[in-house]
Structures are given as structure tokens and as C-alpha cells.
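# Structure at a glance
Chain by chain, the residues run as shown.
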Amino acid sequence: MIADIQNEILKLKKEKDFCILAHCYQTPDILEIADFTGDSFALSTKATSVSNKNVLMCGVRFMAETVKIFSPEKNVYLSKSDAGCPMAELLDVDMLRQLKETYPEHTVVAYVNTTAELKTLCDVCVTSSSAVQIIKNMPENKILFIPDCNLGNFVQKQVPEKEIVTIHGGCPTHARMTVKDVEKAKAAHPEAKFLVHPECIPEVTAMADYAGSTTGIMDYAEKSEAKSFIIGTENSIVQHLQLAYPDKLFYPLSKDCVCHNMKLTTLVDVLNVLKGTDGEEITMDEEMRLKAKRCMDRMLELGK
Ligand code: 13P
Ligand code: SF4
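What you see is a predicted model; the values in this text were computed from it and never measured. (Residues numbered from 1 in each chain as written. Chains lettered and ligands numbered in written order. Predicted model: local features only at pLDDT ≥ 70, side-chain atom pairs only at ≥ 80, totals over all residues. Heavy atoms only, no water.)

### Quick look at the site of ligand 1
If you check the shell around ligand 1, you find 13 residues, and the closest are H23, S40, S128, H197 and T214. Between ligand 1 and S40 there is a distance of 2.9 Å, counted from an oxygen atom to a backbone nitrogen or oxygen. Note that an oxygen atom of ligand 1 is positioned 3.1 Å from one of the side-chain N or O atoms of H197. Contact with the protein chains covers 96% of the free accessible surface of ligand 1, which is 300 Å². Of the pockets mapped on this structure, ligand 1 occupies the largest pocket. (Near = heavy atom within 4 Å. Polar contact = N/O pair within 3.5 Å; in protein donor to acceptor, adjacent residues only side chain to side chain. Areas by Shrake-Rupley, 256 points an atom, 1.4 Å probe, with all protein chains shown as cover. 1 Å grid on protein atoms, 1.4 Å probe; cavity = no way out; pocket = protein on both sides within 12 Å on 5 of 7 lines; lining within 4 Å. Sits in = over half its atoms within 2 Å of the grid points.)

Structure (C-alpha cells):
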């Protein structure tokens, strides 16, 4: 049944000239039919390297918007209209304008998990895998980091020479993880290395053997000599790692570390977008696109 749907998707993908991008938090049946999979940074510019007329982003809204910002000539689709990132929708432009008035000397660095509209008011964009390097490379010393205070605090520890102001915001999925969760997981698996995403609260991140982005965690697990790992990020990464490295053991930090927005998209939703019966095409006013693109171009420059 799953294979039948996948085969139909592969056939329609060719016929209708689609490129499918899937974030690592998607389920394995979707990752298998994607042209490219990866974390937010890896996926951000992938569509610019393909000639397909249509792009389907299996992820959340800000990711589809990112594709549209870099590839305005393509038709970009999100399979589920309500697949949003609560953190990306935390601030609106009026709130950010007020913050900029409070910190007039600060350069605004936006986590990529922000709406395209909000990006129009930001100076530099970062992803979790590029934040430390980009902020180190920036000539500016005073930074207003939005919207994730946990990632902002993590970067501050790695780059103490900069002054980073954060606001109270973050990812509900990762911020849900507690010190108690870590103590419980470590007691159950004392030999395991603990790997964590910096979207977790600082008290949890401080207990880790390694903290980094999705790709960072996956690379660490691949290269490490250790045989078992507690994974402090979205639980699909636990499954992907277990599938990729069957000789090692991977344990979730908590069974509650699930992003319901990322899990909205199903294989059948993907099929329906290709059939033209479901999904939303991302549209963007050209003036807004160009304004939002400025901070993303700076991300690419500074990330080199
Ligand atoms: P990365 O893909 O940058 O690791 O971010 C994780 C995440 O929460 C995506 O929404
Ligand atoms: Fe947003 Fe967190 Fe879900 Fe990522 S995991 S999409 S940051 S809510």
C-alpha cells in the first residue's frame, strides 16, 4: 500500500515536473520519495539548483516561504496550509518595530524560523547550523536575536565577545524538555552520550555531551565511537538514526518531543498536491520578497 502510493508519487513527480524537498522531521515514507532531504539550512537554497517548474516543501510554512524567496519563478507548494511553526508566528511586524525602537543600535538577527513578512525588518538571517559561525563573522557587536531565546543564549556562550539581546520566545517542542527528562534518560541509559538541539532550554543543553543542529547531531552520532545515544530533539531523528545505524542504539529524551506541525503532512497529502487536489501555492508580493531576501542573502555571504 505505502509502496503503491510512493510509486504513483514518483510517476506524477516526473510527469508534472515537481521537485520534492523534505525536512528531516518528516516521516521515512516521505523522505524516501523526496529529491532532497536535510535540515533548514540544507533545504533553504536547494530549489535554486534544480530546473523543475514546481517545488513541494514537506515541512512547515516558513520553509516553503524560504524556497519562494530564493526561487520566485517557481510554483512553490506547501502540502498542508495549517502546517505552521508556532515560534515563527510568535512576533508580528508591529512587535518587532517596537523592539527595534527599544534597541536602536542593535543589528537584528532572525532565526530562519520567522515569517517572510518579519524577515523584511531583519538584517541577517541564521539557521541553527549556521548561527554561531555567522554571528562570529558579523562585524556588528550588538545583536538583537529573535525569536528563539534558547538558541540566542546558546550562541552567546559560543561567541562571548558579542552582546546578544534575546526576547522570550522559542520552540514549544524543544522547550518542553526538562532537566528531569534528562536525569531520567541518563539513569536509564548511563552509558549513552546525550546529544541535544540548542532550541532546548539552557539547563537541558548544559547537560549534553554535544549540542548542535539536526545535521550536527546526525553527524556526531555517525562518527562517534559510542554505541548508544539519548537524542534531545524531535523524535523522528531518533527513528532516522536507528534506521541508518542499526549497530548503535538511540533513545528519545522524551516521548513528548514531537512537532505536531511537522507531522501534519502525510504521504497521501503529497500525492494529493501532485494530483492538484490539495495543498497551497505560496504567493508573495514582489516588494516584500525582495526585502525579505536581503537578510537571507547576508546569511549566505556570512556563512561562507
Ligand atoms: P534545523 O533544521 O535547523 O536543525 O532546525 C530544527 C527545527 O526545529 C526546524 O523547524
Ligand atoms: Fe517550529 Fe519547533 Fe516545530 Fe521546528 S520543531 S517547526 S521550531 S515548532
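### Examining unusual backbone geometry
Here the residue pair I146 and P147 is connected by a cis peptide bond, since its omega of -15° sits within 30 degrees of zero. Notably, D17 is not glycine yet its phi reads approximately 60°, a positive angle. With respect to the element layout, D17 can be found in the loop between α1 (2–15) and β1 (18–23). (Helix = DSSP H or I, 4+ residues; strand = E, 2+ residues; numbered from the N terminus.)

### Thoughts on the environment of P28
Of note, P28 is situated in helix α2 (residues 28–33). Relative accessible area serves as the criterion here: at 28%, P28 is assigned to the partly exposed category. Taking C-alpha positions, P28 is 21 Å from H174, a pair spaced 146 residues apart along the chain. Contacts of P28, omitting those with residues within four sequence positions, involve Q239 and H240. (Buried < 20%, exposed > 50% of the residue type's maximum accessible area, 1.4 Å probe, protein only. Contact = heavy atoms within 4.5 Å.)

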